[in-house]
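# Examination of the molecular architecture
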Amino acid sequence: MTSTKERMAEAGSFADKVKQQADIVRVVGEYVRLKKTGKDFSGLCPFHQEKTPSFTVSPIKQIFYCFGCGKGGDVYNFVMDMEKCEFPEAVKVVAEKCGIAIPRQKERSPEERKENQQRSVLVEIHREAQSFFVKQLEGTLEGKAARAYLEDRGLNKDAIERFGIGYAPSGGDALLRHLKPKYSDKLLVDSGLLSRDQSAGRLFDRFRRRITFPISNESGKIVAFGARALGDDMPKYLNSPESPIYSKSNVLYHMDRAKEGIRRQDFAILVEGYMDAIGVALAGISNVVASCGTSLADPQIKLLGRFTKRVIVNYDPDAAGQSATERSLALLLEQDFEVRVLALPPVGNKKADPDLFIRERGKDEYLKLLKDAPPYVDYLIARARQMDLTTGEGKLRAVNFLLPYVQKIPNRILRSEWATRIAQQLRLDEPVLRAALSKAATERRSEVKTKPELERRPAKPVERRLIRMLAEAQGFRQELAKQLQNARLYHGLETEKIFAALVIASLSGQPLQAAEVGAALEDRDRRLLYEILFEEANEPTWEEAMSCIEALQHRQAERELADVQRSIEANPAAPELRGLLEKKQQLMRRLAAAR
């Protein structure tokens, strides 16, 4: 059996092979119109709006960088950002674009082979069940009653076919009789489509007298079903249980059809149930997904984050929907999503879910409300105002309801503004409450990722030149790294982390990969590194390197002299003072000799 380390090594070696053979200009050129400018290529950045090109690709260094928004990296970083995918998928995308054959994954062990075979059979069982349910809807008397219900909900024949809606008959063993000749009892139970009677031990259909909605994974394979009772049976909605091919926390209904629309429009509409997602999609709004009656789970949010970081939450307006909205908000904010909330107004005397609202008021009215959906804090303030604000205790409850959300706002100034706004809208005139709100909102303890600073980080010309040499001077960068490290010349500089990363890479003796060095740095350092690497510069020489080192030594001596002077002014004891005065004289002689 192959070990995990061996698998990672195989994957890594293939990724390295693809990266060596891939032409970053060719790959990026499929997404961005590039124009040759000297040794590099430039174009309009695909990651932010701009009119003047600030996006640059280097075929020599095989990296890209935008001087406007700071995005940069290698060909994999680019594809991961553009396709909203993880590293393994990016390797496949680049390989396919460059015509590099992707090796077939080896079957690792009998256990894995058995698991893969089981998953394949379970997908096949679901495909057969889907055909069975569709035929039951189309060709039986019970199915006719189900079609009448669906038509009453505004679904015509085309819509029913488009979403694969079917019907599970009431008998309790119709699907069992259909599947039993081909599959073992164990597989049928594992699929979640059949259940076993605990007392008698017999099998029976899980879904009975229910309209069925196929649930597909992101790649479009049916892995589960949701089913709505046609009569008064409870629960009204029943889903497939967890199985080897289905985990409800990993799947969003309609994501297989919605992902392109979400990526194109850069936002997703999040609704609760199947009919809501279908109603919105039938109105021509493709970027809608449903969490199937539950609040979001972390894996679902990560799946959504591959396609967008902007969400409009449009759950049902009842108490359960409001609770699900608030739970989902907390998780989305922790994952750094930009969130708005659409709370639909009632239709007549009915609370309106998206499906009902669109059927009664129309697509245009829904789109208008969608466009004007307020930021999540406005929604939460409106919820807090529904509480009893006539007493101090009631106001305190409202404040405590809002605080956890306000604390998740990344920007400190914005948090303070929201704190004041909440105090005003809730009429919290009591100075103690206002101060407590502002203080708690400003001094939150659990930090969310903050916005990257847009201003460039300062770096003196000497530092910039040495950084460039460490990255490119093949003939002497290892010796240069030794001198910088031995004399600790970059310690205390604002560029210290960039120097440290380049020194380590240079001393390794391996060819330097700029993208790998950049990936190990924090955002501001990475941006500065890429800016320096794309600057116009002459060929480096050892003489210039020594001149730069002397300049750093001079600055180091000046810093040490300033530290010694501060220590002398602190009036230390006589023995320590003598040592400080001697060191001061040495540093002054060193600086004088360097002039």
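Computed from a predicted model, the values in this text were never measured in an experiment.

Time to look at the overall build of the chain. A tally of regular secondary structure across the chain gives 26 helices and 15 strands. Looking at the chain as a whole, 45% of its 595 residues are labelled buried. Summed over all atoms, the accessible surface of the chain reaches about 31500 Å², with 50% contributed by carbon and sulfur.

Below, the discussion takes up the nonpolar core. Ile-165, Tyr-253, Ile-269 and Tyr-366 are the most contacted members of the largest nonpolar core, which has 64 residues in total. Leaving out residues up to four positions away in the same chain, Tyr-366 has contacts with Ile-269, Val-280, Ile-285, Asn-314, Leu-342, Leu-344, Pro-354, Phe-357 and Ile-358.

Glancing now at helix α6 (residues 141-152). The first and last C-alpha atoms of α6 sit 17 Å apart over 12 residues, in line with the 16 Å expected at 1.5 Å per residue. Buried within α6 we find Gly-143, Ala-146, Tyr-149 and Leu-150. The buried residues of α6 occupy one face: seen down the axis, they fall within an arc of 115 degrees. Among the exposed residues of α6, those pointing more than 90 degrees away from its buried face are Leu-141, Lys-144, Glu-151 and Asp-152. The inward-facing, buried residues of α6 abut α5 (110-139), α7 (157-162), β6 (166-168), β9 (210-216) and β10 (222-229). Trailing α6 by a residue or two, Gly-154 shows a phi angle of about 90 degrees, which is positive.

It is worth spelling out the side chain of Arg-383 at this point. Mapped onto the fold, Arg-383 is located in helix α16 (residues 376-384). Among the polar contacts made by the side chain of Arg-383, one reaches the side chain of Glu-326 at a distance of 2.7 Å. The contact partners of Arg-383, leaving out residues within four places of it in the chain, are Gln-322, Glu-326 and Phe-401.

For the rest of this paragraph, the subject is the confidence of the model for the chain. Chain-level statistics for the chain give a pLDDT mean of 84 and a share of 88% at 70 or above. Taking the mean pLDDT of every element in the chain, the minimum, 56, falls on helix α19 (residues 431-442) and the maximum, 97, on β6. Taken together, the stretch residues 1-11 has pLDDT below 50 and engages in 10 contacts with residues farther than four places along the chain or on a different chain. In this model, residues 445-457 is a region of pLDDT below 50 whose contacts with residues beyond four sequence positions or in other chains number 17 contacts.

Reading guide: rules and limits
Residues numbered from 1 in each chain as written. Predicted model: local features only at pLDDT ≥ 70, side-chain atom pairs only at ≥ 80, totals over all residues. Heavy atoms only, no water. Helix = DSSP H or I, 4+ residues; strand = E, 2+ residues; numbered from the N terminus. Buried < 20%, exposed > 50% of the residue type's maximum accessible area, 1.4 Å probe, protein only. Areas by Shrake-Rupley, 256 points an atom, 1.4 Å probe, with all protein chains shown as cover. Core = buried A, V, L, I, M, F, W, Y, C linked by side-chain atoms within 4.5 Å. Contact = heavy atoms within 4.5 Å. Expected span 1.5 Å × (residues − 1). Arc of directions from axis to C-beta. Polar contact = N/O pair within 3.5 Å; in protein donor to acceptor, adjacent residues only side chain to side chain. pLDDT = per-residue confidence, 0-100.

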